[in-house]
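# Descriptive analysis of the structure
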Protein chains: 2
Amino acid sequence: MTETAVPAADHPLEHALDDVVALTAALVDIASVSGDERMLADAIEHVLRLRAPHLEVVRDGDAIVARTHLGRAQRVVIAGHIDTVPVNGNLPSRLELDGGSGDARTGTLHGRGTVDMKGGCAVMLALAVALAEPAYDVTWVWYDHEEVEANLNGLGRLARTRPELLAADFAILGEPSNAGIEGGCNGTLRVELTATGRRAHSARAWMGVNAIHGLAPVLDLLARFEPLEIEVDGLRYREGLNAVGIRGGVAGNVIPDEAVITVNYRFAPSRSVAEAEQELRDLFASVAPAVTMTVTDASGGARPGLDAELAQHFAAAVGGTPQPKFGWTDVARFAELGIPAVNYGPGDPSLAHTDDERVPIEQIIACERGLRAWLTGEPVG
Amino acid sequence: MTETAVPAADHPLEHALDDVVALTAALVDIASVSGDERMLADAIEHVLRLRAPHLEVVRDGDAIVARTHLGRAQRVVIAGHIDTVPVNGNLPSRLELDGGSGDARTGTLHGRGTVDMKGGCAVMLALAVALAEPAYDVTWVWYDHEEVEANLNGLGRLARTRPELLAADFAILGEPSNAGIEGGCNGTLRVELTATGRRAHSARAWMGVNAIHGLAPVLDLLARFEPLEIEVDGLRYREGLNAVGIRGGVAGNVIPDEAVITVNYRFAPSRSVAEAEQELRDLFASVAPAVTMTVTDASGGARPGLDAELAQHFAAAVGGTPQPKFGWTDVARFAELGIPAVNYGPGDPSLAHTDDERVPIEQIIACERGLRAWLTGEPVG
């Protein structure tokens, strides 16, 4: 951390602007469960207006967009959601320091939102204030309602209603990725496969047609299926095809006339939703032509765009080997806008939403240094 | 029908004792949904005490046992339940006569209980009164609570608490069998097969173990399984092995850690419940050793005993070719007491419990004639 003196102020975030770990804790301690983000959004907006005169600040609901206008050749969006899943006795935050000082500190910050994703939000806020003249024009976005129904999502709202605010050549989402780059994301498709039959008393089963038995070839295919790994822009995306639900049956003495299996397909971002759907239709039709398939949910993936020079420069600046992101994240919203996007933030994503959510503080510090190095280095393009 | 004059009496059953079709209608018109059998039981008991002095009548709850004591070499039990499933706008009964007169009448009697099984009860009641000196000692049994939970079953109660009342060499149950002999019954076994796994986010399916996929070999086996036909005492019992329920799933994005399939096995009466259970254990273990099997419900079958001379005599007297009974019926309770048993009654069992339950009256007449011929003919043994 720099030792620049910051004038004391009343706002808790202002005290912490020069210490990204303290800033994370301050953001965590302003609870912001989805739908209840206003206090935190107000605090972030307040700090930006007071301490970052180099940014144009736009408030949209509980989303904040803050942009430089330096006339750089390229613009990057750096975004993070400020809401969390419900608190469950895990606030306020608790810092366990193992040792060291300044940027060499190690330890763990515990509490709701430490992983998902106030560490990323703090890194963004510290750099938004600190870097008046980054190497690229930057659009910082803090947004609301990520942890709830997709139609409420603040980033989705901006993309729908004010897409010009998100225009950029590259996007970084501060979702937890263990402080490494996780590029793009797989798409996800959920379908219901329904087998039909004819009811009969199970004492005279031959009078009926068993719909549950009709699912046998589907289940057999799923059990034997070997998911592909597909390379997209230099990253290998591991796909998955899984039953996530199955149901059928009328009564203990009745041959059932309907059975349904719900399948979730996670597909590489090289395919569109339509392609993934057609692939499943062909696959299941080949083993069970009488089974009908209905799509219940679909979201396209996102290419990482790591083959672009801008992205490679980012990867070189933050270090490490970029990995593919398997879970679906809001990077896909950037993909829909034609903007390549990666995830880069502190925290282990498998701890997100758990009651003992916690982040190694060295990952917060590493992300702040990585982004700072990139944004203050030599630009490309 | 005989033209014997019957003294007029106030009781509706008494008017009908010489016309088994009218008697069936009279029994049907005294509604007797399970738990509400008292009025009908009272009516039957009243008629027996008044008109059948040759019988010893015992009342047990709403069951009635009426026995001859003629010192015959052999005794047969002839039994039927007097309760029905709930009425659904299908009472009172309605008779559609096609033509003919007396025993040559044809037509259809509509209404709740016409099939299951007041036709059989009427045949029994007419003959119990009419035959003071049958060729075999006869134990007539009308019982309650057949259409509800097995532990309430009136025949089961008698077998448990007063088994001496049911002692016999052969048993006939008046359940609908299209006026032909349906011997014995298959046994039934219900088991739950549970596959377990390990939960994971479906975006990283390889971190988990999919329990639904774990059921694939079980479902595949069921779909491919070819049930046996097994000859028992001269009848061929068709078996069945069917999924009657399947369930599994946690959420649309979770690899499920448990999935359960419920299987109903209908097995020939040549096997015991224990043998049938072991057979299933071996079968499923051979394809899915990690799946656990739990028995949830088991009832043994009943051998028809049609190879016994007494039974063959009965078959010859009523005519037709005996068929196996596939559905489980209370004949199995006789089997448990060591008494071979067959089903013999008017009506199509596939119409039982339907709202348009109806019986061809010629089947009622045929059953009355068949039983009468046997019980008044030359005894064997």
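Cut-offs applied
- Residues numbered from 1 in each chain as written.
- Chains lettered and ligands numbered in written order.
- Predicted model: local features only at pLDDT ≥ 70, side-chain atom pairs only at ≥ 80, totals over all residues.
- Heavy atoms only, no water.
- UniProt positions renumbered as here; feature names shortened; annotations may be inferred.
- Helix = DSSP H or I, 4+ residues; strand = E, 2+ residues; numbered from the N terminus.
- Contact = heavy atoms within 4.5 Å.
- Areas by Shrake-Rupley, 256 points an atom, 1.4 Å probe, with all protein chains shown as cover.
- Lys, Arg positive; Asp, Glu negative; His and termini not counted.
- Charge placed at Lys NZ, Arg CZ, Asp CG, Glu CD.
- Buried < 20%, exposed > 50% of the residue type's maximum accessible area, 1.4 Å probe, protein only.
- Pairing = 2+ DSSP bridges.
- Axes fitted to C-alpha atoms, helices over the stretch in contact; angles between N-to-C directions.
- Buried area = accessible area lost by both parts, 1.4 Å probe.
- Salt bridge = Lys/Arg side-chain N within 4 Å of Asp/Glu carboxyl O.
- Polar contact = N/O pair within 3.5 Å; in protein donor to acceptor, adjacent residues only side chain to side chain.
- Disulfide = S-S within 2.5 Å.
- Domains from an automatic or database assignment.
- Expected span 1.5 Å × (residues − 1).
- Arc of directions from axis to C-beta.

Chain A appears in an unreviewed UniProt entry as Succinyl-diaminopimelate desuccinylase from Microcella frigidaquae. UniProt, in the comment section headed Pathway (unreviewed entry), describes chain A in these words: "Amino-acid biosynthesis; L-lysine biosynthesis via DAP pathway; LL-2,6-diaminopimelate from (S)-tetrahydrodipicolinate (succinylase route): step 3/3." Regarding chain A, the UniProt comment filed under Catalytic activity (unreviewed entry) reads as follows: "N-succinyl-(2S,6S)-2,6-diaminopimelate + H2O = (2S,6S)-2,6-diaminopimelate + succinate".

Our next topic: the overall build of chain A. A tally of regular secondary structure across chain A gives 11 helices and 19 strands. Its C-alpha atoms give chain A principal-axis dimensions of roughly 85 × 45 × 40 Å. Partitioning the intrachain contacts of chain A with sequence separation of at least 6 by distance along the chain shows that 77% fall at a separation of at least 24. In the structure as shown, chain A presents an accessible area of about 14700 Å², 49% of it carried by carbon and sulfur atoms. A gap of 5 Å separates the mean positions of the 31 positive and 53 negative side-chain charges of chain A.

A separate point is the side chain of B:Ser93. Residues and elements named next belong to chain B. Within the secondary structure layout, serine 93 lies in the loop between strand 3 (75–81) and strand 4 (94–99). The exposure class assigned to serine 93 is buried, which follows from its relative accessible area of 16%. Apart from residues lying up to four places away in sequence, serine 93 is in contact with Ala25, Val28, Asp29, Leu109 and His110.

Residue and element names in this part refer to chain A. Read across the sheet, 8 strands follow the order 1-2-6-3-7-18-8-17 without closing on themselves; strand pairing throughout is mixed. Two strands lie at the open edges of the sheet, namely strand 1 (56–60) and strand 17 (323–324), each paired on one side alone. Summarising the sheet, strand 8 (residues 181–183) and strand 17 pair through 2 bridges and their orientation is parallel. Directly across from glutamate 182, in strand 17, lies its bridge partner glutamine 323. Together, strand 1, strand 2 (63–67) and strand 6 (137–143) form the strand contacts of helix 3 (residues 38–51), whose direction differs from that of strand 1 by roughly 165°.

Each side of the interface is counted separately: chain B has 39 residues, and chain A has 39 residues. In this assembly, chain B packs against chain A so that about 3000 Å² is buried in total across both faces, 63% of it on carbon and sulfur atoms. By the criterion of area lost to chain A, the three top residues of chain B are B:Trp206, B:His213 and B:Ile246, representing 21% of everything that side buries. The tally of links from chain B across to chain A stands at 0 salt bridges. Between the two partners, chain B and chain A, sit 14 residue pairs in polar contact (both at pLDDT 80 or more). No other element matches strand 13 (residues 240–249) of chain B, which puts 9 residues into the side of chain B that touches chain A. In this sheet, strand 13 of chain B lies alongside strand 13 (residues 240–249) of chain A in antiparallel orientation, the contact comprising 5 bridges. Each bridged residue has a counterpart across the sheet, and for A:Ile246 the counterpart in strand 13 of chain B is B:Gly248.

One pass over the structure, following the stated rule, counts 0 disulfides over all chains. Just so you know, A:Cys121 is unpaired, no disulfide at all, and the nearest cysteine sulfur is the one on A:Cys367, 12 Å from it.

A word on the domain arrangement of chain A. Residues and elements named next belong to chain A. Looking at the assigned domains, one finds that chain A contains domain 1 (8–184 + 302–376) and domain 2 (187–299). Each of domain 1 and domain 2 has a C-alpha centre, and the two are 38 Å apart. Tallying the contact residues gives 14 residues for domain 1 and 12 residues for domain 2. Here domain 1 and domain 2 share an interface that buries about 1000 Å² over both sides, 59% of which is from carbon and sulfur atoms. Sorting the residues of domain 1 by area buried against domain 2 places Arg303, Phe326 and Trp328 first, and these three jointly supply 49% of that buried surface. On inspection of domain 1 and its partner domain 2, the count reaches 1 salt bridge.

For an α-helix the count is 3.6 residues per turn, leaving residues at separations of three or four pointing the same way. Residue and element names in this part refer to chain B. Taking 1.5 Å of rise per residue, the 15 residues of helix 8 (residues 273–287) would be expected to cover 21 Å, and the 22 Å separating its terminal C-alpha atoms lies within 8% of that figure. Among the residues making up helix 8, those that are buried are Ala276, Leu280 and Phe284. Down the axis of helix 8, the buried set is contained in an arc of 55°. They therefore lie on one face. Exposed side of helix 8, more than 90 degrees from the buried face: Ala274 and Ser286 are the residues found there. On its buried side, helix 8 packs onto strand 9 (187–196), helix 7 (216–224), strand 13, strand 15 (258–267) and strand 16 (292–299).

Here the focus is the pairing of strand 7 (residues 170–173) of chain B. Residues and elements named next belong to chain B. Going residue by residue along strand 7, you find Phe170 and Ile172 tucked away on one face and Ala171 and Leu173 tucked away on the opposite face as well. Where strand 3 lies against strand 7, 4 bridges are found, and the strand directions are parallel. In the sheet register, isoleucine 78 faces strand 7, and the bridge partner there is isoleucine 172. Pairing geometry for strand 7 and strand 18 (residues 341–344), over 3 bridges, is parallel.

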